[in-house]
Structure formats: C-alpha cells, structure tokens
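Report on the structure
What follows is each chain in one-letter form.
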Amino acid sequence: MFKLILSWRYLRTRYIALASIISVTLGVATLIVVNSVMAGFSLEMHRRLHGILSDLIFESVSLGGLPDAQWHKDEIGKVLGDDLVGITATVQVPAMLSFQVRGQWITRQVNLIGIDQETYADVGDFSQYLLHPENRRALSFLLRENGYDERLPESGWEHRRLRVEYQRAFEDQLRQIETSRQAARGEPLPADLAGMFPPSDPYSSIPADPYSTTHGEPQQAERFDEAKEQFTGVILGLMIASVRHRDPDGQVRDHFLCRPGDDVNLTFPTSPPSGHAPTAQSARFTVVDLYESKMSEYDSTFAFVPIEELQRLRGMIDPETGVTSATSLLIRLRPGTNLAQARDRLMDRFPADQYAYRIQTWRDMQGPLLAAVQMETTILNILLFLIIAVAGFGILATFFMIVVEKTRDIGVLKALGAPSSGVMSIFLSYGFSLGTVGSGVGMVLGLLFVHYINEIAAGLEWLTGREVFDPTVYYFQEIPTEIEPQMVVLVLIGATAIAVLASVLPALRAARLHPVEALRYE
Amino acid sequence: MTHSVLSPQSHPSRSASRRHLLHSLQAVDAIERSEQPAVAVEHDPNAALISATGVYKSYRKGKLIIPVLKGVDFAIQPGEFVAIVGQSGSGKSTLLHLLGTLDEADAGEIHFEGNRIDNLPSKAKDVLRNKYFGMIFQFYHLLPELSTLENVLVPSMIGQGILGYWWSRHHHVRRATELLEMVGLGHRLTHKPKELSGGEMQRAAIARALVSAPQLLLADEPTGNLDRQSGTEVMRMLRCLNREQNLTIIMVTHDSTIAGMADRTVRLVEGLVERVG
C-alpha cells in the first residue's frame, strides 16, 4: 500500500516528472496522429486501388491479347469454382487522345480501356467514380441530357447542342462577312484564305468508322448531325479533361478543357494478324462522362470505351468465326478468398512456359506503391518511438535524481521493515504512473487532433499563411484518417512499457541502497 | 487509554503473527546451527530479550579498515531502559544498527528472545524490524510527502499487502490516531512534517515506532536535535512507556543527563563495553 501512496505522492509533488509526462504525452499523441493519417491514406488508397483493379488481373503480354476470351473465362471459372464472383474481359492499349480547345490542339497520352458495360461493374467499383448519378446506377456510353456533377459547367446534350449552334452561327457569320467583302470587291475569295475558315466539322477527315480504313476504302457515311447524334461514347479520367488550380479565394477548382458532350480523337495501335506490324488507328469519340477515382495515376491516364467497339476498331474480332479476343480478364472473388492462393491456382493452370500471361493480385500490381507506404509508416513509427525512448531517458535521469533526493526516506522505509522489492516497486509504480498518465493524456490529445485534423490544418494555414495540406498535390479534399484501436492500444502499451523500463535502473539502485548508509546520507 | 493502545490485546493479529515469526526464526536458526558449529557462548533465552556476543564491526574507507566494534558483549533484559553512551566514534550507533538488524556484524552473534537474528535472511529481518522493533532517529526521518497520520501508518502498510491493509484500514487508522493522541498530536493528523516543530516530529516518530506494538524500541539520539524542553518531554514519554507498558528501550546518547534517566547505562570506549552501570 505504501508503494502506491508514495508513488502517487511523488507524482503529485515532483513537478520535474511533468517534463517526462509531457514527453510521453507528445510522443503518444504524435504516434496516434501519424498512424491514423497514414492508415487513413493507406486505407483510402487501398480502397480505390482495389475498387479499380478488382481482385485478380489476368492479362496477356502480347499486343494481340488472349485469343478467344470466352474460352479463357470458362477455364478460369473451372479453376476457381465457387470462389469466382465476377469476371469481365477488357482490352487495354496505349493511346493518344487529342481534342481542340479554342482552336488549340491538346494531346494526352492515355491508357485506353475497352470495357463490357454489362459485367465491368461486377468486378470493381468503377461506376461509383463516375460523375453522372445515372451512370453510377447503370453504366451507359450514351450521352446524358444534363445533370452531371455540380463542378461541371453545363454538359451533356445541352452543352453539345449549344456548342454546335454556336459553332454554326460563328461559321455562318464568317461566311457572310466574307461574301459581302467579295461582293464589294467583286473578286473571288483567294484559295489560301479560304483554308483559314474552320470547316463545319473539324473531324471530317476522320471517318466515323475508322476500322473500315483497314479493310478497304472508307465508306461514304450519311450526313452526321452533331447536334443530334454522338460518336461512340468515351469516359475520360477527370484529370485528362481538366486542370486543377486555386481561385483567388484559395479554393481548389477544376477548369474543364473538355466535358461530356465534346468530341475527342483517339489514336491507338491495331492488333495485326500474325506477321504484320501494328498500325495506328484513329477514331472519334464523344465524351459521355468523366471518371474521378481521386487516384491521380488513374484519373490522369484512364479512358474507357465500349469493348466491342475497341475490339472492332483494333481488329480483335475474327471476321469468320466472330470470336473475340481481349488483352486482360478482371476477376472478382468471393470475400475472404485467399487471393495469393487463387492466383497460384490460375498460374498452375496457365503455366508461364506455355502461356505468355501475367496473373497478379491487385496487391501484386501495386506492390511497390503499397510497400513504399508501408515502409514509410514503419520508419515513421520507429522514429516516433525513438521520441518516446528519449522521453524514457528523461524519466531515467529524473528518477535517478529522485532516488538521490529520497535516499534518506528509502533508508527509513527499510528501517521500518520495507523489503527491497517493496522499495523497488515504489519507483516501478512511479514509472508506470508516469507512463500511464502520459499515455492517457497523449491518447486523448491524439484522438482529438485526429478528429479535428482538417480544422487544425486550416487554422495552421491561417496562422502561418502556408499551405499545410495541398489537395492539388494529394488529390484528397480532406486529410484522410483512420483510427485503428489495435494501433492505439499498442502505442499505449509501448509508451507505458518504455516508461516502466526507464525506471528499472533507478528502482534497482534504490532497492540496493544499504539502510544505514541511506540513513546517514547527507 | 495508554495501556489499551500499547497492550498486545489491542493488536489482535500480533500474537499469532509473533508466534509464527518466532517459529520461522527458530527454524532458520536451527538450520543455521546444523550447518555451522555453534558459537561457544551460552544464552538463556528466557533471561535476555536481546543480547550481543563478541560482536565485531569495522568499516572500510578506501584501503583503510577502521575497526569500530571490537568484541562487544552485553545483554538487555525485558522491560529494561538502557542507555548506550560513549564519545563520538565509539560505535554506539553502529551497535544500535546491528541490534536492529540494519547492518551486519563482521563476527559475533545477536540473539533476540534466545533466537539468533544476525544471520537471518533479509526478508525475516524485514519482518523483525517491522513487527518487533520500533526505531526512532535523531532527525525523526518522517516522510515529507505524507501527513502525520500517514507517517504513523507506514509500518502497518509495509506489514500488510494492499488488500490486507485495505480491509483492516479502519482498525489501523484508529490505532494510529490513538497513538498520535497519546503523544499529544491528535490535532495534527493531517499536517505534513514540515508544518510540525522538532519536538512534534519526534513525538510523531515515537507514535510511528509504537504502531506495531513492538517489544523493543531502539532510539538513536532521540533528543539530539531537540531543545532542552522538548528533549525532556520526549524522555519523559519514553520513561513513561517503559514503566507503564514495560517496553524495553535501548537508547543511544552522548548526553549524560539524558542517559541518567535510563535504568542503566552501557558505556562504549573504543569499540568495547567499558562499564555497565
């Protein structure tokens, strides 16, 4: 009992111990905040990566892809059995996207993905990231009338009609002006000047069905009315279609270079028959929606089109049998299935020495990124635990001082019959109390900090005039956090253990004090 | 009132625990005797409460060995009030510490109630100091973080585990309060030692020494740090405890007037008992 009373009284009366408590408190609070932010970032990243990538990715390394995608699907279904929840074929090719903004051509290097709109939603969370609410419910490559995300200016058919009307009116005006000039001068319009006027359809040189160019002369299409018709739909990553900036108020804004209702041109390699070199193929598409996963790597490179259109354009449909090929198969497994084991089963069925396929889990695909985040978290934890270890040395020094200061009292306790273990317990209890109080306060501070982290970041920005968290860099509007109770408990146990360990040496010294020498200590 | 506070009957668990300890002490002693040849000094366990036989003690200061006690022999009977006197450096306090098992002799034996105690394991010595010996010091040595009452309760807290103390805490508090009232500090229960005078602190230390109802009180210069009036008051209290409660007291002092209040004196000269008066 005397151990508890004395350690409590020492805690209350030795204000130098407060320094140790504050060190432990800050260490624990920092650990909780950093781990929560890292866990939030990691979780958000995992969620998005996993949502985009599905569980398993079965892809061909060749440009021609997997011949007979359906046969592969059936074989995979046999291997995975009940573990298979969804499977979809995709065609992925590098492509160049180009579009005009106020007469200037803008090009982007993109990863063009042909998807099956019926089954693609079964294997991932793709549709959740679309900006039109109807498309989030049921994916469609048809242009919507309007009703896109509030960040977008007027889009869809409404924008398309206005744009075409404006363009036509502008061209009519130019023609009228030139006609009146010609009439005034009585001269025909010079041939080089005539070329300066924009054609009514800037993409007229590109056929609506470019695939036909690989199989003969382009067909003369019927007159295409842009105001009423669309090309094949394409869904672009948000960062392909926009640039992000800060307005004068400091708010992050997206300025859209193209939006649903605009047309873009895509150029990509064909899938040539054996022995032939691939050629570039171009086609026009109408932007029907934008895609925002908030993963900049994806939002700035991914463009989605209907798979059957891409297969047709690239020549991936056998003209005789109608069998289609695909470059990859995305597989969704039953929750709880061991992904690595499922991957290994597929690798056994499709050995690398026979099939030029790459079979990976989503974690394998993002291995370096996930490993980098994990390593960052580990190093931060080590560094922050070193802070608590420094606090531990503070406790050690403080306790040695207290033992020296209390030498006579220790002698008295021993003279009154206190065993050495009892004297040792006083200082161990004291260390435990310091650790517990410091950790407890640190936990409360840390949790409060995490809860109000965005408000605190805003306050710091206001105070320092410097940006603490830049959404244009991280692509998160707010700092993501995730409090893991297990982590909090581990941090608390670790910090308390360090405090107790730091008090072991002083406690041993106190326990070994000779009572007579202690009583005579001046 | 005084009698009820100090009498063994007021401490219900004491008799049983004492018997238990003595059995264990005898057992330890018997083991020791069986392993070592017995010292050729016979003691009558019923005669002396505590005795020292051929006790040697020296201190080492660097390479220099300073002998302090050079074969001390004496015995104290139950109920005696003995003053150990001598000049500074004569070994008075060293002898008291050896009797109180705070230190270990280089040679010789110390017996308590006929049982050898100088070679007991440290845990048994802790029990002995906690339950059978009371100690008071020249500089009182109250714990500054605790109140007067808590200081008096410390031996009870040491002697019992947390739960044991918690269950019997009312009994302990009542007893400590009665002792403090007995020494005239009933109005100072919650005061910290720094709020007490020297005499009051020594009286609180006496109450602390008595809380376990010890058989032997060891006092190291109890009046050495007090003015004349306070010193006389403390001595009167010790005398009263000795006469009324038959408490055996061994007191170390260099003041012959104070020593004169004891039943007899043991004079130490250069580490030897020169005279027992």
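Please read these numbers as outputs of a predicted model, since none were measured by experiment.

Of regular secondary structure, chain B possesses 10 helices and 10 strands. Out of the 277 residues belonging to chain B, those deemed buried represent 45%.

Right, let's talk about the overall build of chain A for a bit. Tallying secondary structure elements over chain A gives 20 helices and 11 strands in all. Within chain A, residue pairs in contact and separated by at least 24 positions form 78% of the contacts whose partners lie at least 6 positions apart.

Scored by pLDDT, chain A has a mean of 84; 92% of the residues are at 70 or more. When the criterion is pLDDT under 50, residues 204-220 of chain A qualifies, and its contacts beyond four places in sequence or with other chains add up to 23 contacts.

Between chain A and chain B, the residue contacts involve 20 residues of the former and 22 residues of the latter. Considering every element that reaches the side of chain A that touches chain B, the biggest residue donor is helix 1 (residues 2-13) of chain A, with seven residues. Residues of the side of chain A that touches chain B, tallied by class, amount to 14 nonpolar, three polar and three charged.

Attention shifts here to the nonpolar core. Counting 125 residues, the largest nonpolar core has I84, A207 and I250 of chain B as the members making the most contacts within it. In this structure I84 of chain B touches K92, L95, L96, I250, V252, V266 and L268 of chain B, once residues within four positions along its chain are discounted. In this structure, Y148, V234, F268 and L290 of chain A belong to the second largest nonpolar core, which totals 69 residues.

This part is about the environment of Y521 of chain A. Residue and element names in this part refer to chain A. If you trace the backbone, Y521 turns up in the segment after helix 20 (515-520). Under the C-beta neighbour-count criterion, Y521 is labelled partly exposed, with 15 such atoms within 10 Å. Apart from the residues within four sequence positions on either side, Y521 is in contact with T407, R408 and G411.

The next subject is the packing of helix 8 (residues 198-210) of chain B against helix 9 (residues 228-245) of chain B. Residue and element names in this part refer to chain B. Look at helix 8 against helix 9: their axes get within 9 Å of each other, and the N-to-C directions meet at 15°. In terms of orientation, helix 8 lies roughly parallel with respect to helix 9. The hand of the helix 8/helix 9 crossing is right-handed. Across from G198, G199, Q202, R203 and I206 in helix 8, the residues of helix 9 making contact are S230, E233, V234 and M237. Its residues assigned to classes, the contact of helix 8 with helix 9 shows three nonpolar, four polar and two charged.

With that settled, consider the confidence of the model for chain B. All names here are of chain B. In this model, chain B carries an average pLDDT of 80, and 82% of its residues clear a pLDDT of 70 or more. Per-element averaging of pLDDT across chain B places helix 1 (residues 2-6) at the bottom with 38 and strand 8 (residues 248-253) at the top with 92. Under a pLDDT of 50 for its full length, residues 1-25 has, in the predicted model, 28 contacts with residues more than four places off or in other chains. Across the interfaces of the predicted complex, the ipTM metric reaches 0.81, alongside a pTM of 0.65.

Residue and element names in this part refer to chain B. The contact between helix 5 (residues 148-159) and helix 8 brings their axes to 7 Å, and the two run at 30°. Taken together, the axis directions place helix 5 and helix 8 in an arrangement best described as roughly parallel. Helix 5 and helix 8 meet at a crossing whose hand is right-handed. Residues T148, N151, V152, V154 and P155 of helix 5 lie in contact with helix 8, whose contacting residues are A204, A207 and R208. For the contact of helix 5 with helix 8, the class distribution of residues is five nonpolar, two polar and one charged.

Okay, helix 1 of chain A next. For helix 1 of chain A, built from 12 residues, the straight-helix expectation of 16 Å at 1.5 Å per residue is met to within 8% by its first-to-last C-alpha distance of 16 Å. Regarding helix 1 of chain A, the residues found buried are F2, K3, L6, S7 and Y10 of chain A. Buried residues in helix 1 of chain A, looked at end-on, bunch into an arc of 125°, giving them a common side. Buried-residue contacts for helix 1 of chain A involve helix 13 (367-405) and helix 15 (420-451) of chain A together with helix 5 of chain B.

What counts, and where the lines are drawn
Residues numbered from 1 in each chain as written. Chains lettered and ligands numbered in written order. Predicted model: local features only at pLDDT ≥ 70, side-chain atom pairs only at ≥ 80, totals over all residues. Helix = DSSP H or I, 4+ residues; strand = E, 2+ residues; numbered from the N terminus. Buried ≥ 20, exposed ≤ 12 C-beta atoms within 10 Å, placed from the backbone. Contact = placed C-beta atoms within 7 Å. pLDDT = per-residue confidence, 0-100. Nonpolar A, V, L, I, M, F, W, Y, C, P; charged D, E, K, R; others polar. Core = buried A, V, L, I, M, F, W, Y, C linked by C-beta atoms within 7 Å. Axes fitted to C-alpha atoms, helices over the stretch in contact; angles between N-to-C directions. Parallel < 35°, antiparallel > 145°, perpendicular 65-115°, else oblique. Left-handed = near helix turned anticlockwise from the far one by under 90°. Expected span 1.5 Å × (residues − 1). Arc of directions from axis to C-beta.

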